[in-house]
Every structure is written in C-alpha cells, then in structure tokens.
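A closer look at the structure
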Amino acid sequence: MTTSDKTPSATAQALAGVRVLDFSRVLAGPWCSQNLADLGAEVIKIERPRTGDDTRGWGPPWLRDSQDRDTRDSTYYASTNRNKRSVTLDVSKPEGRALAIELARQSQVFIENFKVGDLARYGLDYESLRKVNPALVYCSITGYGQSGPDSHKPGYDFVFQGLGGLMSITGERDDLPGGGPQKVGVAVIDMFTGMYATVAVLAALRHAERTGEGQYIDMALLDTSVAIGANQILGYLNSGRIPPRYGNAHANVVPYNVFETADGHMILAVGNDSQWQGCCRAIGRPDLGADERFRKMSDRIANRKALLADLEAHLRTQPSRHWTEALEREGVPCGPINNYAQVMEEPQVKHRGLQLELPRGDGGSAPSIASPLKLTGTPVRYESGPPLLGEHTEAVLGGLLGLDAARIAELREKGVL
C-alpha cells in the first residue's frame, strides 16, 4: 500500500475540523466545496426542499440505485458533490433563516453563489453573519463580481468564455473549413473559478487561524476568464496585436499541432529546440533539423507555414503508432487523441487510480473521477458519493443544533425542511 492509498481513518485530513456551509449550486461553487471536502472539511450542502441543486435534474444520464433504477440525480450533479452532507432548508421562512444563521455561527467557511445582494434579505450576507461569527470566511461567487456596472447581470460559463476572450482564440481560423469561435468542451470558467475560490478560501482560513479575523471573498467568473488568458492578453498589451485563433496550433510554439497520419491523427508538441532536434531524428528528417529556417523556435514561428506543410505531408506516410513510438524514444511529447472510453483504458490512467466508485445512501453507488491532488501526508479522502437530497437533514440538525425528532418533524410539516 502506498502512502496515497491510506484510508481517512489511518491518516489525519488536512482540513479536519473545518466546517463549510455550502449555499452554492451548479458548478463553480460546488467545485470549490468538493475540493475542500476532499481535503477533509465537513461540507454541509444546503439545498432547497423538494428540488435541491439545479444540476440534480440535468440528466440523463442518471445515477442508478441498488436496484439498477434511475434515481433522478444526474451524473453531472455527481461530478462535483462527493463527500458532502445534504440538508434541505427554506431560508425564506423565519425558522429556516434562524437555522441557517446558527449553522453559520458554528462554521468556519460560508460559500454562496446567489445574485448580488440576494442573501441580505435573509440576514445571510457577510455583514450580518460576521456579527455572529467574526472569524467566518465568506466566499461569494457571481458572474460579474459584487460591484461595477454589470454586477447585477446573470451569466453562465458559456457567456464568459465569449465575453472574457477565450472563444476568440479557441476554434479554427476563419479562412479554414469549420473556422470560427468555439467554446471549450467543458465548463472551464466555472471550474477555474472554483479552483481559484479554493485557493482564496484556504488563504483566508490561514489568516483567520492566525488572527481570529474572517474576511469576505469576492469571486467573479469574468475575472477568472480574463485571468486565465493572461499569456495571450499580455502579448496584446505589449504589441497592440490582437491574438488570432490558431485552431489546434500554438501561437508561440511550432510544431505544436494535430497531424494527420496514415491511420488517423496524433498530437506533436515540440516545446524547445532540443526537442526539435529529437523530433527530426525520430521522423527520419535530419534535413529539417539542419535547415536554418527551422533551427530556433523563433525561426520556426516565422516560417510556420512552410514547416507545417512539409511535416503534414511527411507524417501522413506512416501510422500514428509508428511515429509516437519513435518520438517517445527521443523524449518528444506526443500522443493520441482519445475519446473518454479510450481515456479510461489508458494504462497510466488506471495506474493513477483515476476512476472511482463511491457508495450512496440508497445502497447504490456513483462513479467518480479522482482528485488530481496527490498529497503524501494528508491524502484526499473518498468516503461517500454525492448525497441524496436532504439525506443528512436530521443528523445535522439533531447532532449539531440539538433539535429533537418532534421539532424536526414540525419543521418538515411547515415546509421549512
């Protein structure tokens, strides 16, 4: 057994003792709170009674219960809600509001992605909660941020892939077949925002541990969409030249592209001049390595068109495996273009244990993908699959807030839970 294989009971968790009250839904917020849960935090996911997180209904495909029946919880929801406890709570009702405030009093982190100012109506905004819990780390995630002329607008990941410039450099060139802007195949702005939020929460927790002072975190999908484009934006700010779309090519690295082979396609990614010489040896073209037009990266960028035309014709003469095996012997980065069925069959993917199956409260199980966080001393935990709606309401309200069964039943009758 390796260190990373140790069970949670055998190894202390990095965020053990941290309680997160998670009022977020869909993707960016839950992505952040799942990271925290993986690292050992107790995450209490607050959901609307009867409906829950919007993504529960984003199916098919659906999770299956122990009888192999659809559960009406989508695999999309499952992808970002493991290791959490679900509590249903209607904060529009006074009793629900009071319970939420008491849970916040006993938590270290509060995460929400409501519209700007929405939670102030219920006394669940930062200024209200800091009065009952001065050490609280409060993280808000919105589309445009808490201030500015657009702060009131709603928005999804797709909007910010366009607004923040990512789609202007993603997709094939306009002059080629299929040319035009293209979104990324997964919601990268949401996920990057969730990752940045995770970093911010951990930093704020560290500060709170030292000083006893919590703080407010203002995360915006717009800010993230601009931030992740920094290497392209700085080129524009320095030169005034707007970066174009390069399709599968790279603006600053050549050759770095998808190439057709005799039996399909492969990726060739030559990141420096040493790799270029290895590439030329591997494909049997020492003449290209000796050509003054291509010896340096800057030269290959300047002479991109001529070089790629030569490489494209040459690589079509042999199947992909012929080239990748030769390139790998020279230490040149390359690889296939896998679909997800092929991804999960990759030997390295299997070795890294990236496919998981986690238990669910209905006796079924949920597929999951392992966190890429590999810590030897405080490894990520995988204790439970995504919770059923309201699965832990009685346990949390009874165990943490001391409500007895009669009071919980009364609240449920009133529609609070």
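Residues numbered from 1 in each chain as written. Predicted model: local features only at pLDDT ≥ 70, side-chain atom pairs only at ≥ 80, totals over all residues. Heavy atoms only, no water.

**A look at helix 9 (residues 273–282)**
- Listed as buried for helix 9 are Gln275, Trp276, Gly278, Cys279, Cys280 and Ala282.
- For helix 9, the elements touching its buried residues are strand 10 (264–269), helix 10 (286–290), helix 11 (297–302), helix 12 (304–315) and helix 13 (320–329).
- Of the residues flanking the start of helix 9, the one acting as N-cap is Asn272, its side-chain oxygen 3.1 Å from the backbone nitrogen of Ser274. (Buried < 20%, exposed > 50% of the residue type's maximum accessible area, 1.4 Å probe, protein only. Helix = DSSP H or I, 4+ residues; strand = E, 2+ residues; numbered from the N terminus. Contact = heavy atoms within 4.5 Å. Polar contact = N/O pair within 3.5 Å; in protein donor to acceptor, adjacent residues only side chain to side chain.)

**Remarks on unusual backbone geometry**
- For the bond running from Gly59 to Pro60, omega is 5 degrees, close enough to zero to count as cis.
- Mapping Pro60 onto the fold places it in the loop between strand 2 (42–47) and strand 3 (62–64).
- That bond from Pro60 to Pro61 is cis: its omega, 5 degrees, falls within 30 degrees of zero.
- Within the element layout of this structure, Pro61 appears in the loop between strand 2 and strand 3.
- In this structure, Arg72 takes a positive phi of about 70 degrees despite not being glycine.
- In this model, Asn83 sits at a positive phi of 60 degrees, which is unusual for a non-glycine residue.
- Here Asn83 lies in the loop between helix 2 (75–78) and strand 5 (84–88).

**Focus on the confidence of the model for the chain**
- Summing up the model confidence of the chain, the mean pLDDT is 94 and the portion of residues at 70 or higher is 97%.
- Note that residues 1–9 has pLDDT below 50 and, in this model, nine contacts with residues that lie over four places away or in other chains. (pLDDT = per-residue confidence, 0-100.)

**Some remarks on the packing of aromatic side chains**
- Taken as a whole, this structure holds seven aromatic pairs when the rule is applied.
- Between Trp58 and Tyr76, the ring centres sit 5.0 Å apart and the planes meet at 65 degrees, which makes this aromatic pair edge-to-face. In this pair, Trp58 is assigned in the loop between strand 2 and strand 3 and Tyr76 in helix 2, connecting sequence segments 18 residues apart.
- Overall, the relative accessible area of 38% leaves Trp58 in the partly exposed class.
- Overall, the relative accessible area of 29% leaves Tyr76 in the partly exposed class.
- Ring geometry for Tyr126 against Tyr216: centres 5.6 Å apart, planes inclined by 40 degrees, an arrangement best described as tilted. (Phe/Tyr/Trp six-rings, centres within 6.5 Å; stacked < 30°, edge-to-face > 60°.)

**Quick notes on the side chain of Asp157**
- Mapped onto the elements of the fold, Asp157 is located in helix 5 (residues 157–163).
- One buried charged residue, Asp157, forms no salt bridge at all, with the nearest opposite charge on Lys183 at 6.7 Å.
- Within the structure, Asp157 has its side chain in polar contact with the side chain of Gln161 (distance 2.7 Å).
- Those residues within four positions of Asp157 in sequence are excluded, and the remaining contacts are Ala187, Val188, Ile189, Asp190 and Leu221. (Lys, Arg positive; Asp, Glu negative; His and termini not counted. Salt bridge = Lys/Arg side-chain N within 4 Å of Asp/Glu carboxyl O.)

**Topic: the sheet that holds strand 7 (residues 137–142)**
- As summarised here, the arrangement of the six strands in space is 5-2-1-6-7-8, forming an open sheet in which the pairing is parallel. The open sheet has two edge strands, strand 5 and strand 8 (215–220), and neither has a second partner. Geometrically, the sheet is characterised by an average inter-axis angle of 20 degrees between neighbouring strands, direction not taken into account.
- In this sheet, strand 8 lies alongside strand 7 in parallel orientation, the contact comprising six bridges. Within strand 8, the residue paired with Val137 across the bridge is Gln215. (Pairing = 2+ DSSP bridges. Axes fitted to C-alpha atoms, helices over the stretch in contact; angles between N-to-C directions.)

**Thoughts on the pattern of salt bridges**
- Taken as a whole and assessed by the stated rule, the structure comprises 31 salt bridges.
- For Asp291, the salt bridge identified is with Arg293, shortest N-O distance 2.9 Å.
- Given a relative accessible area of 40%, Arg293 falls into the partly exposed group.
- A salt bridge links Arg412 to Glu394; the nearest nitrogen and oxygen atoms lie 2.4 Å apart. Of the two residues, Arg412 sits in helix 17 (residues 405–413) while Glu394 sits in helix 16 (residues 393–399), which places them 18 residues apart along the sequence.
- A relative accessible area of 34% means that Arg412 is categorised as partly exposed.

**Considering the pairing of strand 10**
- Pairing between strand 9 (residues 256–261) and strand 10: six bridges, direction antiparallel. In the strand pairing of strand 10, Thr261 is matched with Gly264.
- Turn length for the strand 9-strand 10 hairpin, with the two strands adjacent in sequence and antiparallel, is two residues.
- One ladder, built from two bridges, connects strand 10 with strand 11 (residues 334–335); its direction is antiparallel. Residue Leu268 lies in a different strand from strand 11, and its bridge partner there is Cys334.

**A word on helix 3 (residues 94–105)**
- With twelve residues, helix 3 should reach 16 Å at 1.5 Å per residue; the first-to-last C-alpha distance of 17 Å fits that figure.
- Burial in helix 3 covers these residues: Gly96, Leu99, Ala100, Leu103 and Ala104. On an axial view of helix 3, the arc spanned by its buried residues comes to 140 degrees, and they lie on one face.
- Buried residues in helix 3 make contact with strand 1 (19–23), strand 2, strand 6 (109–112), helix 4 (126–132), helix 16 and helix 17. (Expected span 1.5 Å × (residues − 1). Arc of directions from axis to C-beta.)

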